[in-house]
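# Secondary and tertiary structure notes
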Amino acid sequence: MTVARRILVLGGTGFVGRQVCEQLARLGWRVTVPTRRAVKAAAIQNLPGLTVVEASVHSDADLARLMPGHDAVVNLVAVLHGGDKRFEQVHVDLPKRIAQAMQEAGIRRLVHISALGADAQGPSMYQRSKARGEQALQQTGLDLTVLRPSVIFGAEDRFLNLFADLQAIAPFMPLAGANTPFQPVWVGDVARAVLRCLQDEHTTGQTYELAGPDVMTLGELVHKSGQWAGVRGGLGRPVLPLPHWVGYLQALLMEQLPGEPLMSRDNLASMQVPNTASGSLPGLQALGITASSAAGVAPTYLGHKGPRSRLDGWRARSDRR
């Protein structure tokens, strides 16, 4: 097996995808990123060796057009919210169709991004659909590597940034699932893991759990995000854990608001189980990567949040709706 140097990155305009594309470009590899609207690729379109193609990954014809000329495919396409039909379409049907298009084009190498906690018997639609997508791909005979990241943080995340922004305007943080343990992983480490898998043929057939070095409850992470952002002089806001039934009602109400909800009932269901590495599968260390801690990275970007930057962030999100 030869090292893949022409990579088709599906989901390359997203939070993780941009990091993957930047690191591939640094290696001098050729990268193709499809997007429905080229303007969404503005952050990466000037990277050397990267080509943006207007196409829909949900179109079989477009997938067939995209595949030829590539050595490998990276699939980062995912959704966090929606009903069972939406999760099935993106996490199960799409991987099947990607695999079919790859086989027809004679491409064998696939790095697929799943999620920590993927489980066919999991409590949420998200977890169950992620597991079904993995199972479907494992039956294709492709040279497959599956990566299961925990919740991902980084300078452009919609996780720690969001909670830091909320603490800038709220006197306290009412929080469902506050006691759920998480093992957050830095986006840079996830991108490096993708590259290592593309570079090392021995990762074929493996599933890796990508988690950071620290286990913290959601409540601790939310409180820390406020501290790291300098809210209330670095004290952050108090976190008020909500009983499950109150959290359920809160999530239900959030689902009725325009745009993506801050938390859905399915997100809440996912938090019935810890979002931490099982220890039964290899992780970042097996890929030669020393995991970065949230405490070491998050303050470097949350700490630059002044009142104006928070206001600009809210305006930017409002403009995108």
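Now for a quick tour of the structure.

Criteria and cut-off values
Residues numbered from 1 in each chain as written. Predicted model: local features only at pLDDT ≥ 70, side-chain atom pairs only at ≥ 80, totals over all residues. Heavy atoms only, no water. Core = buried A, V, L, I, M, F, W, Y, C linked by side-chain atoms within 4.5 Å. Buried < 20%, exposed > 50% of the residue type's maximum accessible area, 1.4 Å probe, protein only. Helix = DSSP H or I, 4+ residues; strand = E, 2+ residues; numbered from the N terminus. Contact = heavy atoms within 4.5 Å. Axes fitted to C-alpha atoms, helices over the stretch in contact; angles between N-to-C directions. Parallel < 35°, antiparallel > 145°, perpendicular 65-115°, else oblique. Left-handed = near helix turned anticlockwise from the far one by under 90°.

### Quick word on the nonpolar core
In this structure, V9, L24, L147 and L198 are the most contacted members of the largest nonpolar core, which totals 35 residues. Counting only elements with at least two residues in this core, the list comes to β1 (6-10), α1 (15-27), β2 (30-35), β4 (72-75), β5 (109-113), α6 (187-199) and β11 (207-210). Here this core takes 8 residues from α6, the largest share from any one element. When residues no more than four places from it in sequence are discounted, the contact partners of L147 are V111, H112, I113, S114, A115, A193, V194, C197, Y208 and L210. By size, the runner-up hydrophobic cluster in this structure holds 29 residues, among which are F153, F182, L221 and M271.

### Digging into the environment of L144
Locating L144 in the fold gives a position in strand β6 (residues 143-149). Judged by its relative accessible area of 7%, L144 is buried. Between the alpha carbons of L144 and T203 there is a distance of 8.4 Å; along the sequence they are 59 residues apart. Excluding its chain neighbours within four sequence positions, the residues that come into contact with L144 are R109, L110, H112, L137, Q138, T203, T204, G205 and Q206.

### Let's talk about the packing of helix α5 (residues 160-167) against helix α10 (residues 294-302)
Following both chains from N to C, one finds α5 and α10 inclined at 55°, their axes separated by 11 Å at the closest point. Taken as axis vectors, α5 and α10 run oblique relative to one another. You can see that α5 and α10 cross each other, and the crossing is right-handed. Seen from α5, the contacting residues are L160, N161 and A164; seen from α10, they are A298, Y301 and L302.

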